[in-house]
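# Geometric and topological summary
The chain contents come next:
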Amino acid sequence: MEVSIFVFEKKLADKLHKPRRKETVTEILKKSVHYLEMLRQPKLILKVVHSVEDCNDTLAFAAEPVIASLANILAYQASIGGRAVNGPPSTGASIITTTAMPRPAHAREYNFLDFEIKYGIRQIAEALDFLSPQVHHHNVCPSSILVTKTGTWKLSGLEFIVQTEARERITCTPWTSRLPKMAQPDLDYIAPEVQLSSYCSSHSDMFSLGMVIFAIFNNGRPLIQANHSSSTYMKQLDVLENQIHNVLPKLPAQLQEMATKMLSKDVDARPFVKNLLHTPYFCDRFVETIQTLDIINMKDLVQKCQFYKITLKESLPYIPKKIWYQRVWPFLQHEMLKPDVSAAVLHPVIFLIQESSLEDYETLMLPAMSKIFNGPKHVPVQVILLENLHVILEKTPRDDIRKEVLPLLYTAFDFSDIEVQSAAVLAVTNVSQYMDDTAIRRMVLPKLKMVYEANPNDLKIVLNILACLEIILHRLEKQQIIEDVLPLIWIVNQTDPEVIARIAVIYSIILRDKKYGLSVNIIATKIMPTLIPHTMNPGLNLEQFQTIIEVLQDMLDQIDRNQRNKLKLDTISMQSPDRHRPLRHLYSSDNMHAQNFNIPNLKVETRKTSSAEDMVRKNSAGSWWFGGSPSGSDSNFLRVVSSFPNRRLSDNMLNTPKIRVAPSCASSPGSTPVGTGLPIRRHSNVERRGSTINLSPPSLARSMIGGSMPNTSSSVPYLLSSSMNSLRSRRQSTCSNNSSTGILQQLGSGVVKQLSTLQNPYQLFSGNK
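Residues numbered from 1 in each chain as written. Predicted model: local features only at pLDDT ≥ 70, side-chain atom pairs only at ≥ 80, totals over all residues. Heavy atoms only, no water.

## Some words on unusual backbone geometry
Even without being a glycine, S198 presents a positive backbone phi close to 60 degrees. Within the secondary structure, S198 sits in the loop between α6 (192–197) and β10 (199–200). With a phi close to 55 degrees, N227 is a non-glycine residue in the positive phi region. (Helix = DSSP H or I, 4+ residues; strand = E, 2+ residues; numbered from the N terminus.)

Rendered as structure tokens:
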């Protein structure tokens, strides 16, 4: 147990010359501890843990943990205010907390908040009210007021208690220099009637308390500074009213009138303790809250739970944080372990966690919270922890989250209690960012389905499940959404307007991203038929109706785009390819537009297929490309037709172009005989441009020997190379039309003569069937 040990070294009394005086001091200190044990009031009087031990050199006893006395703290304030306090203490209580040793840092630097002062004065006044029916304290001063570790002011220093004996006034010994200073009360705070008339009463303690109040607001300096001299005390008592007038503005306005009455020299003009407690200065809701916290164990169970859940939680925002950690939290961490009030205590605890810093939470609160996480928990405790799990995880380190907090969430799904399951679903919604994808996919989603199957008609659970799905949807895989999420939504009872709106929101999220795999077939056959009837639900408000309509419109748009594109492609494949060639062959060469290319002096008639009879009729109507008439002796075409009556013209054969070529000279091989009637073609001095017409030569020599003449797509017959060279060598022809014949006519005559010598008309093609 943590305690404070008070030690008195007997050698401090060795300077007293008479041995009896030494014994008097020892007896006074023993008497003080005895009265502390007898007049036990844990919230007002210093609590003794171990009684006094009397050894040869020391006296000692153990009490609850204490920071310092009010005198220690005010002495520091007085020193920085211009009055250093040195030397031995002047009261019996201060003998125990001697100033011979260096003051600890927490006592030197301790500064009171206004809240602490208000509550501390109230505590001492209540302690005096507690003692007044039995005794008068007769030593109320800063040295007899101790500040505990929790910040509570406790009354001690009961060395000079006077029994009331059912009388208003009791005879007492005034302060005198004939007695040791250690064995007398502090002269600076003694009431005038004690020093002047040798009697005391409950009003005497009120005067002393008034002097303490003025000292607190006067930087620790008392209004009377007698310096252990009764004569000095009397002199300063005469000017006490002036001192009060000078210091009074430093006091709170609501306390000034009451404090002035407390220092009245007229005993009957002083107020009673209860009058002081009803002063507006002490009528503070938040001070009363802390006071109730100190005496909460005196309340019944219902009052305790009501106080923790409502009163304390609502008051904490207005109570300084210093009081949180000094007074409230040390008390609550013990109350959390009590099963009957632990659920109620968690309400203010969650608020403290939320408002505390990371450092304060990790150092002060987390050790106590770990006991709650790992220990047995009742259903109300489990529910409160799960509902506020996001507050706890915001301050908890990552390692502790994984080891202690998240297991609490996973196991909560297995509880049979419906409240725990609903709270667990809600917790996943709030803390999903602290969970990895694997845990969500393998643990959370299956448990959500399990919870719904166990409670399909519970509206609260259904709403929590839908809210949870909305949050974790982006963490799931496509297959899980198709196989688990959508079937779960389809079986949800969609009668409540809020349920319908939440389902519409989930559909909207799935529609926005193609990775979820929601096909138009599912939309048209599964989703829309179940969602459209709910647009007529009379319970929908305008916002919910708009949400559903917007989702349905998005679905229709998606179906429209998908089906329209599909039908267009189907229509294109069924239409004529020529009609839609530009659409299907966007990059085909058919769409390439090239400039027209013309061969100079070359005229090509329209390509056309015809039978031999058609060719005969055309030839009879006009001249043939060889220049002769069909009835002429030189008509090669008719000779060929007569020789090959069953031969048809090829589909690739063009209507023979009319080409006029100047006759070659007589010296050229294959010169045309004179008199063929071919017009003379004069060559231009300009070089011929290249042509893309196929001019590949047929094997003429082989045809004359017995081969066949190939059918080609060229519109220009092959010219012998020697004749072509002859044509290229001449820039300008001087031959007349009657002096020579064209090379084409020579070729035609030669072919006809060769064919006429054959007995079998098919012998010519025997080499190439």
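After that view, the rundown keeps rolling.
## Focus on the packing of aromatic side chains
Following the criterion strictly, the structure yields seven aromatic pairs and no others. Plain terms: the ring middles of F6 and F61 are 5.0 Å apart, the flat faces sit at 10 degrees to each other, and that makes the pair stacked. With F6 in strand β1 (residues 4–9) and F61 in strand β3 (residues 58–63), this pair connects stretches of sequence that are 55 residues apart. Here the two residues F6 and F61 agree in accessibility, since each one is buried. Relative to F351, the ring of W324 lies with its centre 5.8 Å away and its plane at 70 degrees, an arrangement referred to as edge-to-face. Separated by 27 residues along the polypeptide, W324 in helix α14 (residues 321–335) and F351 in helix α15 (residues 342–355) bring together distant segments of the chain. Note on accessibility: W324 and F351 belong to one class, buried. In textbook terms, an aromatic cluster arises when at least three aromatic residues are bridged by ring pairs, as seen for W324, Y325 and F351. (Phe/Tyr/Trp six-rings, centres within 6.5 Å; stacked < 30°, edge-to-face > 60°. Buried < 20%, exposed > 50% of the residue type's maximum accessible area, 1.4 Å probe, protein only.)

## Some points on the sheet that holds strand β7 (residues 153–155)
The strand order across the open sheet formed by three strands is β4-β6-β7, and the pairing between neighbours is antiparallel. With partners counted over all chains shown, the strands left at the sheet margins are β4 (66–69) and β7, one partner each. For this sheet, the mean inter-axis angle between neighbouring strands, taken without regard to orientation, is 35 degrees. Pairing geometry for β4 and strand β6 (residues 145–148), over three bridges, is antiparallel. Each bridged residue has a counterpart across the sheet, and for S69 the counterpart in β6 is L146. Contacts from helix α5 (residues 114–131) reach β6 and β7 within the one sheet, and its direction differs from that of β7 by about 20 degrees. (Pairing = 2+ DSSP bridges. Axes fitted to C-alpha atoms, helices over the stretch in contact; angles between N-to-C directions. Contact = heavy atoms within 4.5 Å.)

Nothing here speaks to function; it is all geometry.
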